[in-house]
Each structure stands twice: as structure tokens, then as C-alpha cells.
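# Structural overview
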Amino acid sequence: YTVGEEIGRPMKVTIDAESALESEGEILYPKGKTKSLSTGRSVIVEGQAEIVARVKSRSGGDVNGQKARGKFHYQVCTDEACDRPRSAAFNVAAGGS
């Protein structure tokens, strides 16, 4: 699920408060497509998707090489049923823009 979903849990990225980096502005999620499922209409993403988050250093320095640590929250479904919502931790080094 993605932005606009009302039945299931749309994907979401959260950055830990202890992370060296923090989000700067809105996190951009992939546009989904509306699909009729047995549970009703849903906004879904199929296949690969990209999430874009601009980040800045909490200490005010250069972001290159610093890490963003957080969680990716998501829910996976088939046309017939949905799995429970899950979270996966991440720890990603930032590159220059």
C-alpha cells in the first residue's frame, strides 16, 4: 500500500531520533494505482518502488558518509488476503546530492 490507502497500512519511513541524519522536508513515496480487491478499493504499488528522503546532518555538517537509521513500515497483500503490517530496520549511508 502507498499514499492514499484507507483500508490497509500505507508504507512509511521513520528515522530514529538518535540517527546522525534527520529528514529534511517531505518524504516522497511512489505513486500507486487504485485496484479493486476483495477487501475494497486500495492504493497499491506492484513490483519495485523507490522512496526518496532528503536528509540533513543533526550536527549541521556534511551528510556524506553519515548514516540514517530508522524503520520501513509496510504491509504486503495478494488479491485475496493481506499479511500483518511489518517493519524492517535500516541503516543507510548518505551520499552527496
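Structure: see above.
Quick summary incoming for the structure in this document. (Residues numbered from 1 in each chain as written. Predicted model: local features only at pLDDT ≥ 70, side-chain atom pairs only at ≥ 80, totals over all residues. Heavy atoms only, no water.)

### Section: the packing of aromatic side chains
To keep things clear, this is the line we draw: We call Phe, Tyr and Trp rings a pair once their centres come within 6.5 Å, taking the six-membered ring for Trp, and we label the pair stacked below 30 degrees between planes, edge-to-face above 60, and tilted otherwise.
In this structure the tally under the stated criterion is 1 aromatic pair. Here Phe72 and Tyr74 contribute two aromatic rings whose centre-to-centre distance is 5.4 Å and whose plane-to-plane angle is 15°, an arrangement assigned as stacked.

### Observations regarding the side chain of Thr2
Threshold: Strands are runs of DSSP state E lasting at least 2 residues, helices are runs of H or I lasting at least 4, and numbering of each runs from the N terminus. In this analysis, two residues are considered to be in contact whenever any of their non-hydrogen atoms come within 4.5 Å of each other.
Structurally, Thr2 can be placed in the segment before strand E1 (12-15). Once residues lying within four places of it in the same chain are set aside, the contact partners of Thr2 are Pro10, Met11, Tyr29, Pro30, Lys31, Gly32, Val43, Ile44 and Val45.

### Looking at the environment of Arg54
By the element assignment, Arg54 lies in the loop between strand E4 (40-44) and strand E5 (55-57). Separated by 40 residues in sequence, Arg54 and Ala94 place their C-alpha atoms 9.5 Å apart. Apart from residues no more than four positions distant in its own chain, Arg54 is found in contact with Glu22, Ser23 and Glu24.

### As for the state of the cysteines
In a disulfide, the sulfur atoms of two cysteines are held together by a covalent bond. This is how it is decided: Disulfides are defined as cysteine sulfur pairs within 2.5 Å. Each residue's exposure class comes from its accessible area (1.4 Å probe, protein chains only) as a fraction of the maximum for that residue type: buried when under 20%, exposed when over 50%, partly exposed otherwise.
Within the structure shown, the criterion is met by 1 disulfide. For Cys77, the disulfide goes to Cys82, at an S-S distance of 2.1 Å. Taking the sign of the S-S torsion, 110° for the link of Cys77 and Cys82, the bridge is right-handed. Under the relative-accessibility criterion, Cys82 is labelled partly exposed at 37%.

### Describing the pattern of salt bridges
Heads up, the condition is: Whenever Lys or Arg places a side-chain nitrogen within 4 Å of a carboxyl oxygen from Asp or Glu, that contact is recorded as a salt bridge.
Taken as a whole, this structure holds 7 salt bridges when the rule is applied. Salt-bridge contacts for Arg69 lead to Asp16; the nearest nitrogen and oxygen are separated by 3.4 Å. With Arg69 in strand E6 (residues 67-74) and Asp16 in the loop between E1 and strand E2 (21-23), this residue pair connects regions lying 53 residues apart in the sequence. Look at Arg69 and you get partly exposed, because its relative accessible area is 33%. We classify Asp16 as partly exposed; its relative accessible area is 24%. Here Asp83 makes a salt bridge to Arg86, at a shortest N to O gap of 3.0 Å.

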